[in-house]
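Spelled out, the chains give:
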Amino acid sequence: MTTKVGVETYKVLEEAKRVLIKNNQGEWTIPAGGLYPHQWLWDSCFISIGLRHISPQRAAAELQLLLRGQWTNGMMPHMIFTPEHFKLDDSSLWSSKNIPGSPIGLATSGITQPPLLAEATQRVADLLPLRERKAFLLTMVPAIIRYHEWLYRERDPEANGLVLLFHPWETGLDNSPAWIEELRKVHTPHWVKLMDLLAIDRWFKWLRRDTLRVPADQRMKTSDLLRLYHAAMDLRRRGFDATRILRHPRRHFIVESVSFNSILIRNNQILAELAESIRLDLPGWLIERFKLAAKGLDVLCDPKTGVCYHRNFDTKQIEEEPTISLFMPLYAGTLSKKQAEQLVRKLKDKDSFWLPYPVPSAPKNSQYFSEKRYWQGPTWLNTNWLIVDGLKRYGYTEEARYIAEKSIELVEKSGSYEYFSPLDGKGYGANDFSWTAALAIDFVKQLY
Ligand code: 2M8
């Protein structure tokens, strides 16, 4: 079968299946061999969304295994470490075993990632036979409720429905221009300043494991990576405890992110549906917070245009740095029809986002734009998936179809790369990347 843009979809399906089999670890999947040897939270959610078309049972296991990493306070860590791959920059950075409430006998990170568990759970459950579905939901839903409770209890100190993030890794969009700016403000110790001043970034290449596998011009600068480690070490020193971190907001990266909150809002809605389907009551205070969340997001948005930017928690300053996050409120479903229309117009602007292979992680006319550099320009299939889902729910079927077809075309043309040039579709980052493969399968299934 061929798509409108001439892609032979069966070839894409075969390629995607090969990648998922290659990265399969039994009951869970690594994002990619070498560079990403552990289990990541939102990767496993995206992976299960594609994997359910091959085996709903295996997709269910992928999500259930994530629950082994849940902390007693409800936090879902962004990484669960595989013991044989412990590296200096991995588990020792977090030392989770020293933190009360972390899972026993398992090393995890101490921060979270975009909360897509409810979405993934619902999609997988829909394809399971009735009896298995119920058992699956009975294990997943109470854990997801505890996770959303943690998010609103620990990360919404002003009880306004907007949750805070303490690290760019929590956003999933690590070096997105918006986060690099915020990070540089608070995590530039003297030694990093000196590195920048003397431009000796490349002397510290040995500290990195990513650039051993991927050319340096596709990743972030070493000094920025060191800032990320510095931020993580600061959080660890405070036991990842929100109360202690919020005591000195000026010293930490603390932001109200549009993309994370948008994903949370949609997942709140789905969680409420899931709980109802198994006759489980959500706590009253949580339902109230879900209602506030949509209004909370409005605080970050221009009511006329529907354009939303993140806010620095300490200064309460809205930072107008355009990135892929601009389009996440479409996924949240919180925009009025008029605002959505304006945002779609922005999406289709040929000088910024509507490039030959949309949607770039940063607009072409941004000073940060680089077609190869990680979250500063390349097109990623996971953000495309979220935008496509939002566009469809707002009735923009043509635009949604176009982005889905171009996403499938990327995989046919270049393979299952981690990210792609939005200009010519060339693949960059890790090859044989799991969520690219999984979401290509889902896009094919959505369209044909
Ligand atoms: C990237 O992030 C990790 C840290 O969490 C890294 O750079 O090592 C991001 O693209 C993130 O969104 C993704 O979940 C992770 C694994 O694919 O890689």
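Residues numbered from 1 in each chain as written. Predicted model: local features only at pLDDT ≥ 70, side-chain atom pairs only at ≥ 80, totals over all residues. Heavy atoms only, no water.

Peer 1: Explain the nonpolar core to me, and be specific about the residues and the numbers.
Peer 2: Core analysis: the biggest nonpolar cluster contains 147 residues, and L63, L117, F136, F327, L391 and W435 have the highest contact counts within it. Excluding anything up to four places from it in sequence, W435 contacts W42, D43, F46, I47, W375, W380 and N382. (Core = buried A, V, L, I, M, F, W, Y, C linked by side-chain atoms within 4.5 Å. Buried < 20%, exposed > 50% of the residue type's maximum accessible area, 1.4 Å probe, protein only. Contact = heavy atoms within 4.5 Å.)

Peer 1: Tell me about the site of the ligand, and name the residues and values.
Peer 2: As a matter of local geometry, the ligand sits amid 15 residues, with D43, Q113, G172, D174 and Y374 nearest to it. Here an oxygen atom of the ligand sits 3.0 Å away from a polar atom, N or O, in the side chain of H78. For the ligand, the accessible surface in isolation is 420 Å², of which the surrounding protein chains cover 92%. A class-by-class count of the residues in the shell around the ligand yields 10 nonpolar, 3 polar and 2 charged. (Near = heavy atom within 4 Å. Polar contact = N/O pair within 3.5 Å; in protein donor to acceptor, adjacent residues only side chain to side chain. Areas by Shrake-Rupley, 256 points an atom, 1.4 Å probe, with all protein chains shown as cover. Nonpolar A, V, L, I, M, F, W, Y, C, P; charged D, E, K, R; others polar.)

Peer 1: Got a sec to walk through the packing of helix α5 (residues 117-126) against helix α13 (residues 258-277)? Specific residues and values, please.
Peer 2: To characterise two packed helices, one gives the angle between the axes of the helices and the distance between these axes. The geometry of α5 relative to α13 is characterised by a closest axis approach of 8 Å and an angle of 45° between their N-to-C directions. Put simply, α5 runs oblique to α13. α5 and α13 meet at a crossing whose hand is left-handed. In contact with L117, A118, E119, T121 and Q122 of α5, α13 contributes R266, N267, I270, L271, E273 and L274. (Axes fitted to C-alpha atoms, helices over the stretch in contact; angles between N-to-C directions. Helix = DSSP H or I, 4+ residues; strand = E, 2+ residues; numbered from the N terminus. Parallel < 35°, antiparallel > 145°, perpendicular 65-115°, else oblique. Left-handed = near helix turned anticlockwise from the far one by under 90°.)

Peer 1: Outline the environment of N160, supporting the account with residue identities and numerical values.
Peer 2: Secondary-structure assignment places N160 in the loop between α6 (130-155) and α7 (168-171). Sequence spacing of N160 and Q39 is 121 residues, and the spatial spacing of their C-alpha atoms is 32 Å. In this structure, N160 is in contact with E256, L292, G296 and R311, ignoring residues within four places of it in sequence.

Peer 1: Quick rundown of the pattern of salt bridges? Include the residues and the values.
Peer 2: Enumeration according to the criterion identifies 31 salt bridges in this entry. A salt bridge links R250 to D314, with the nearest nitrogen and oxygen atoms 3.3 Å apart. With R250 in the loop between α12 (242-246) and β3 (255-256) and D314 in the loop between β4 (311-312) and α15 (328-332), this residue pair connects regions lying 64 residues apart in the sequence. Between K291 and E288 there is a salt bridge, with the nearest N and O atoms lying 3.3 Å from each other. (Salt bridge = Lys/Arg side-chain N within 4 Å of Asp/Glu carboxyl O.)

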